[in-house]
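Next come the chains, spelled out residue by residue.
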Amino acid sequence: MADPALLSRWPLPEVPEVAQAVLAGWREPHRRYHDVRHLQECLEAAVRLGGGRDELVALWFHDAVHTNTPGVDEAASAALLLSLLTGRLPEPQLAEATRLVLLTRHHRPEPGDVAGAVVCDADLWVLGAEPNRYAQSVSDLRTETGLDGPAWAKARRHQLTARLAGPIYRTPAGARREARARANLTAELESLLRPGRS
């Protein structure tokens, strides 16, 4: 688990008390993948990718609500952003950060959407990690979902196949991780397709 104190390097601009409230959500005991470590890795990746204030605010909130309900969680996280930051941040920034949170539902930013590409690549950064770190992230995700055996294998095969169907990363820096990410996902998918594996 990452040291939460390190997150002081990326405070929510001008609203540290909100950052602490959001961080409490990331520390919920049921989280194993969508936890403080994931948040920190996303923020670090966004900085490497040239992300600015809007992107960092969006990443603070992108999994702030997590109930293992894709789509619903992102919408709830965007709503939380609005509820906590309305009146604290300028309206254009508020709208942009909310838009970026919602992009993490499918990770398909439009061509030319630089901010969207940064946020989506940062959220998927661990896919291009070294194999041991990638494997740990998969184990954490499996624990968090509560799925086991055939249910996990079926859901995961679907996710991996969909992710491999298109580019994983959209930024130039992300593209340099593409080959390793595809190797990680392909190896996992092949393991799930072997007879008797789940």
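Our structure's up above, just so we're on the same page.
One structure accompanies this document, and this report is about it. Here the residue index of a chain counts from 1 through its sequence in written order. Local features in this predicted model are restricted to residues of pLDDT 70 or higher, and side-chain atom pairs are both shown and tallied only at a pLDDT of 80 or more, whereas totals for entire chains, interfaces and linings draw on every residue. Side-chain measures here rest on the full set of heavy atoms in the structure, leaving out hydrogens and waters.

## Details of helix H1 (residues 16-26)
Right, so step 1: Of all the positions in H1, only Val18, Ala19, Val22, Leu23, Gly25 and Trp26 are classed as buried. For H1, the angular spread of the buried residues around the axis is 145°, confining them to a single face.
Right, so step 2: Contacts made by the buried residues of H1 are with helix H2 (36-48), helix H3 (53-61) and helix H4 (72-85). Here the term buried applies to any residue with accessible area under 20% of the maximum for its type, exposed to any over 50%, and partly exposed to those in between, with areas from a 1.4 Å probe on protein chains only. Numbering of helices and strands runs from the N terminus; a helix is a DSSP stretch of H or I covering at least four residues, while a strand is a stretch of E covering at least two. It is the directions from the helix axis to the C-beta atoms whose arc is reported. When checking whether two residues touch, look at their non-hydrogen atoms; a contact exists if any pair is within 4.5 Å.

## Focus on H4
Right, so step 1: A helix is expected to span 1.5 Å multiplied by its residue count minus one. In a regular helix each residue adds 1.5 Å, so 14 residues correspond to 20 Å; H4 covers 20 Å between its end C-alpha atoms and thus fits that length.
Right, so step 2: Along H4, the residues that are buried comprise Asp73, Glu74, Ser77, Ala78, Leu81 and Leu85. Looking straight down H4, one finds that the buried residues subtend no more than 140° of arc, so they occupy a single side. Counted as exposed and oriented over 90 degrees from the buried face of H4: Val72 and Ser83.

## Focus on the packing of H2 against helix H6 (residues 114-123)
Describing two packed helices takes the angle between their axes plus the distance from one axis to the other.
Right, so step 1: Only the stretch in contact is used when a helix axis is fitted, and all axes are lines through C-alpha atoms; the angle between N-to-C directions ranges over 0 to 180 degrees. Relative orientation of the contacting elements H2 and H6 amounts to 140°, with a least axis distance of 8 Å. When the axes of H2 and H6 are compared, the pair comes out oblique. Crossing geometry of H2 relative to H6 is assigned as right-handed. Across the interface between the two elements, His38, Cys42, Ala45 and Ala46 from H2 touch Val118, Ala122 and Asp123 from H6.
Right, so step 2: For the contact of H2 with H6, the residue count by class is 5 nonpolar, 1 polar and 1 charged. Note that the term roughly parallel is reserved for angles under 35 degrees, roughly antiparallel for angles over 145, roughly perpendicular for angles of 65 to 115, and oblique for everything else. It is the rotation of the near helix from the far one that decides the hand of a crossing: anticlockwise by less than a right angle makes it left-handed, clockwise makes it right-handed. Residue classes follow a fixed rule: Ala, Val, Leu, Ile, Met, Phe, Trp, Tyr, Cys and Pro count as nonpolar, while Asp, Glu, Lys and Arg count as charged, and any other residue, Gly among them, counts as polar.

## Section: the environment of Leu59
Right, so step 1: Here Leu59 is to be found in helix H3.
Right, so step 2: In this structure the C-alpha to C-alpha distance between Leu59 and Arg32, which are 27 residues apart in sequence, comes to 18 Å.
Right, so step 3: With near-sequence residues (within four places) excluded, Leu59 lies in contact with Trp26, Leu39, Cys42, Leu43, Ala46, Val119 and Ala122.

## Description of the pattern of salt bridges
Right, so step 1: Take a side-chain nitrogen of Lys or Arg and a carboxyl oxygen of Asp or Glu: if they are within 4 Å of each other, that pair is a salt bridge. Applying the stated criterion across every chain yields a total of 9 salt bridges.
Right, so step 2: Its salt-bridge partner being Arg133, residue Glu41 comes within 3.0 Å of it at the nearest N-O pair. Here Glu41, found in helix H2, pairs with Arg133, found in helix H7 (residues 131-145); they are 92 residues apart in sequence, far enough to count as distant.
Right, so step 3: By relative accessible area, Arg133 is classed as buried at 17%.
Right, so step 4: With a shortest N-O distance of 2.7 Å, Arg156 and Glu188 are connected by a salt bridge. In this pair, Arg156 is assigned in helix H8 (residues 149-164) and Glu188 in helix H10 (residues 178-193), connecting sequence segments 32 residues apart. The pair formed by Arg156 and Glu188 is uniform in burial state, with each residue classed as buried.
Right, so step 5: If you follow the salt bridges from partner to partner, you end up with Arg37, Glu41 and Arg133 in one network.

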